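# Summary of structural features
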Amino acid sequence: MDWPVARRRGGEERAWLRGAPPPRWVRLLPWVLLVALCLLQLFTDDRLELGFLLAAIPPLAALSYGSSTTALLGGLVVLLLALPAANLGRPGNSDVLTVLFVAILSVLIAWVRSRRDEQLVTVRTVAEAAQFAVLPPLPEKVGSVRCAGLYRAAQRGALVGGDFFDVRRGPSGVRAVVGDVQGHGLSAVGTVAGLLGAFREAVLDRRELVGVAARLDRRLVVDAGPEEHAELFATAVLFEFPDGSPVVRVISCGHPPPLLLREGRVTELPVPAGTPLGLGVAGIAPPEVLTVPLKAGDRLVALTDGVTEARNGAGEFYPLAARLPGLMDADHEDPGELTDAVWRDVVRFAGTVRDDLTLLVFAPEDPDVPDAA
């Protein structure tokens, strides 16, 4: 996601050399060069021969046009060189044949490039659809909880990495998970998909939040079973916002604790650190549940270590808890504005982020929550 989770795919523009359509100036360049050379040759008469520069036009056209337009420009170039009335220098037969060969080669290159681009668009569309299925955009509101976040995969070109999140409406309230699997990038997508599938099922049929954690732990144990000495694990923090109760229940499975933003102050929730998922101990030693009363205007922030381990040039870690009060604008009710501000601040601090990064903000909107005053 430099974009919030809810609109992370649509907000990032691909660069021209990474598959995006060429900018307008690139498409205009062959035509501008053709007209400019003809005008310059007209005004300089025979004092300066510029006709040889016309040979650059077909290759330039092949960068942004298909074979038909490239052939049109190449034909114009050969015609201008071959016609004495065009007065574009004194090219010999070998010069005209050389430019003709370059034009034909440019048409072939344009045809190959167009076919390749079509194939890349198809592959990218299928890949994005598959990644959307694994990690769909985060809704702006689930039940009585407004939510927003930012998500960035470490691997360039990937929409899903080793971090995962989900927010779902269950029979008795809203449940959410934010986690980080072993490894990062595309190699971790399979594990992410398995965990999210298990979470979505557990939200519906597990009465207690501890049971949701046990289901995720079992999923990893089963996935790692066929591999000898497999070390498949993940850390996660789980939330439950029960209907009709101004509280949040939190479980940590070896994950960084969430933050509570209240009246301009930031508090790290003292949730007991349980064992990571995948070690098979959730059913033996279940994690402890922390229950936190909520007030109107409270914000809960869940994150992965990609946020707090972002470093600047001096090797210093990004101090999220210290910077959050300055980024929180009391006039902004939309949690998405806070995630935008955090992302801009992380980029200013660290320059580049090399790890999977996730940060979610929850803003409960229960009418029974008492006013902070």
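Residues numbered from 1 in each chain as written. Predicted model: local features only at pLDDT ≥ 70, side-chain atom pairs only at ≥ 80, totals over all residues. Heavy atoms only, no water.

## Some words on the environment of Ala341
Short version of the rule: For helices the rule is a DSSP run of H or I covering at least 4 residues; for strands it is a run of E covering at least 2, with both sets numbered from the N terminus onward. In this scheme, a residue with accessible area under 20% of its type's maximum is buried, one over 50% is exposed, and one in between is partly exposed, where area comes from a 1.4 Å probe on protein chains only.
Structurally, Ala341 can be placed in helix α10 (residues 335-350). According to the relative accessible area criterion, Ala341 is buried, its value standing at 11%.

## Structural notes on the pairing of strand β2 (residues 145-152)
To keep things clear, this is the line we draw: In short, DSSP must find at least two bridges between two strands for them to pair.
Where burial is concerned, most of β2 is hidden: seven out of the eight residues are buried. Direction of pairing for strand β1 (residues 141-142) relative to β2: antiparallel, over a ladder of two bridges. Pairing of Lys141 across the sheet is with Arg146, part of β2. Between β1 and β2, which follow one another and run antiparallel, lie two residues, and Gly143 among them has a positive phi close to 60°. Strand direction decides the pairing type here: β2 and strand β11 (residues 357-364), joined by eight bridges, are antiparallel. Across the sheet, the residue bridging to Val145 is Pro364, located in β11.

## Describing helix α4 (residues 67-82)
Turn by turn, an α-helix covers 3.6 residues, leaving residues three or four places apart pointing in a common direction. Here is the rule we go by: In a helix, the anticipated span is given by 1.5 Å times the number of residues less one. Our arc is simply the arc of the directions from the helix axis toward the C-beta atoms.
The end-to-end C-alpha separation of α4 is 22 Å, in line with the 22 Å expected for 16 residues at 1.5 Å each. The complete set of buried residues in α4 reads Thr70, Leu73, Gly74, Val77, Val78 and Leu81. Down the axis of α4, the smallest arc covering the buried residues is 135°, so these residues share one side.

## What about the nonpolar core?
Threshold: Joining through side-chain atoms within 4.5 Å is the link that ties buried Ala, Val, Leu, Ile, Met, Phe, Trp, Tyr and Cys residues into a set, and such a set is a nonpolar core. Contact definition: two residues touch when any of their heavy atoms are within 4.5 Å.
One finds Phe164, Val167, Leu238, Phe239, Phe241 and Phe362 to be the most contacted residues of the largest nonpolar core, which totals 52 residues. The leading source of residues in this core is helix α6 (residues 189-205), at eight residues. Leaving out residues up to four positions away in the same chain, Phe164 has contacts with Val177, Val178, Gly179, Asp180, Val181, Val192, Leu195, Leu196, Ala234, Thr235 and Ala236. One finds Leu261, Leu324, Ala341 and Leu357 within the second-largest nonpolar core, a separate group that totals 21 residues.

## Comments concerning the sheet that holds β1
In plain terms, the rule: Fitted lines through C-alpha atoms give the axes, limited to the stretch in contact for helices. The angle between two N-to-C directions lies from 0 to 180 degrees.
Ordered by their spatial adjacency, six strands build an open sheet running β1-β2-β11-β10-β7-β8, and the pairing between neighbours is antiparallel. Because the sheet does not close on itself, it has two edges, and the strands there are β1 and β8 (265-268). Packing against the sheet, helix α9 (residues 320-327) makes contact with β7 (259-262), β8, β10 (299-303) and β11, and its axis sits at approximately 30° to β7. Where α10 meets the sheet, its contacts fall on β2, β7 and β11, and the angle it forms with β2 comes to roughly 25°.

## A closer look at the pattern of salt bridges
Selection rule: By convention in these notes, a salt bridge is any Lys or Arg side-chain nitrogen within 4 Å of a carboxyl oxygen on Asp or Glu.
Here the structure, examined in full by the defined rule, presents 14 salt bridges. Close ionic contact of Asp345 with Arg348 constitutes a salt bridge, the shortest N to O distance being 3.3 Å. Here Arg348 and Asp345 lie together in helix α10, a separation of three residues that amounts to about one turn. The class for Asp345 is buried, based on a relative accessible area of 6%. A cluster of three or more residues bridged by salt bridges with shared partners is formed by Arg113, Arg116 and Asp117.

## Describing the pairing of β10
In terms of burial, β10 is largely enclosed, as five of its five residues are buried. What you see with β10 is no split at all: Arg299, Val301 and Leu303 on one side and Leu300 and Ala302 on the other are buried throughout. In this structure, β7 lies alongside β10, joined through three bridges in antiparallel fashion. If you follow Leu261 over to β10, its bridge partner there is Arg299. Across four bridges, β10 lies against β11 in antiparallel orientation. For Ala302, the partnering residue across the bridge sits in β11 and is Leu360.

## Focus: the packing of helix α2 (residues 24-44) against helix α3 (residues 57-64)
Two quantities define a packed helix pair, namely the angle between the helix axes and the distance between the axes. Inclusion rule: An angle below 35 degrees is treated as roughly parallel, one above 145 as roughly antiparallel, one from 65 to 115 as roughly perpendicular, and anything else as oblique. Each crossing gets its hand from how the near helix is turned against the far one by less than a right angle, where anticlockwise is left-handed and clockwise is right-handed. In this classification, Asp, Glu, Lys and Arg are treated as charged, Ala, Val, Leu, Ile, Met, Phe, Trp, Tyr, Cys and Pro as nonpolar, and every other residue, Gly included, as polar.
Two elements in contact, α2 and α3, have axes separated by 8 Å at closest approach and are oriented at 160°. Between α2 and α3, the crossing angle belongs to the class labelled roughly antiparallel. Both α2 and α3 take part in a crossing whose hand is left-handed. Mapping the contact onto sequence places Val26, Arg27, Leu29, Pro30, Leu33 and Leu34 in α2 and Ile57, Leu60, Ala61 and Ser64 in α3. Partitioned by chemical class, the residues of the contact of α2 with α3 number eight nonpolar, one polar and one charged.

## Concerning the confidence of the model for the protein chain
The condition that has to hold: One number per residue, pLDDT, summarises how confident the predictor is, and it ranges from 0 to 100.
Taken residue by residue, the protein chain gives an average pLDDT of 81. The fraction at 70 or more is 80%. Of all helices and strands in the protein chain, the one with the weakest mean pLDDT is helix α1 (residues 8-11) (42), whereas strand β9 (residues 290-293) scores best (94). Ignoring residues within four places in sequence, the model shows residues 1-13, a span with pLDDT below 50, making 42 contacts including any to other chains. In this model residues 369-373 is a low-confidence stretch, pLDDT under 50, and it forms 12 contacts with partners more than four residues away in sequence or in other chains.

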